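Structure assessment
Listed below are the residues making up each chain.
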Amino acid sequence: QVQLVESGGDLVQAGGSLRLSCAASGSISSINVMGWYRQAPGKQRELVARITGASSTTYADSVKGRFTISGDNGKSMVYLQMNSLEPEDTAVYYCNVVLWSGRGLWGQGTQVTVSS
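Just so it is clear, the model here is predicted, and its values are computed rather than measured.

This part covers the pairing of strand β4 (residues 31-39). Buried residues dominate β4, accounting for 7 of its 9 residues. Here β4 pairs with strand β9 (residues 91-99) via 8 bridges, running antiparallel. Paired with G35 across the strands is N96, a residue of β9. In this structure, β4 lies alongside strand β5 (residues 46-52), joined through 6 bridges in antiparallel fashion.

A few words now on the side chain of N96. Here N96 shows up in strand β9. One polar contact links the side chain of N96 to the main-chain carbonyl oxygen of L105, over a distance of 3.2 Å. The residues touching N96, leaving out its near neighbours within four places in the chain, are L4, V33, M34, G35, Y37, L105 and W106.

What follows is about the sheet that holds strand β7 (residues 67-71). Pairing within the open sheet is antiparallel, and its 4 strands lie in the order β1-β3-β8-β7. A single partner strand is all that each edge strand has here, and the edge strands are β1 (2-7) and β7. With direction set aside, neighbouring strand axes in the sheet form an average angle of 15°. Where β1 lies against strand β3 (residues 18-26), 6 bridges are found, and the strand directions are antiparallel. Bridging from a neighbouring strand, V5 pairs with A23 of β3.

Turning our eyes to something else, we now look at the environment of G53. Here G53 lies in the loop between β5 and β6 (57-59). Under the relative-accessibility criterion, G53 is labelled partly exposed at 48%. Distance from G53 to V33, taken between C-alpha atoms, is 6.5 Å for residues 20 residues apart in sequence.

Rules and cut-offs
Residues numbered from 1 in each chain as written. Predicted model: local features only at pLDDT ≥ 70, side-chain atom pairs only at ≥ 80, totals over all residues. Heavy atoms only, no water. Buried < 20%, exposed > 50% of the residue type's maximum accessible area, 1.4 Å probe, protein only. Helix = DSSP H or I, 4+ residues; strand = E, 2+ residues; numbered from the N terminus. Pairing = 2+ DSSP bridges. Polar contact = N/O pair within 3.5 Å; in protein donor to acceptor, adjacent residues only side chain to side chain. Contact = heavy atoms within 4.5 Å. Axes fitted to C-alpha atoms, helices over the stretch in contact; angles between N-to-C directions.

Below, the structure is given as structure tokens:
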């Protein structure tokens, strides 16, 4: 089993930066892909960014050029560096992993609030 714990969410002014962290523990060798999703009030959960074991990355169009996902080769940590934050980035951010089995797991979420 894999456990995920996120941290780093906060209240920040527009234009500011935050760095989210997700620590994975347990059977981390079973992890294939790590990523971040977000869910704003009244909206569906959406992909923000993800990274594979080969360090291939994917970003939502809305965050390209502003956010950077990174991780360690041991797949125990994944980070999301968020720059030039906008009020539209306000959401609960969830760490997600996809196991080699295809199963997806979620963290508990961390709140990011961007004030204008």
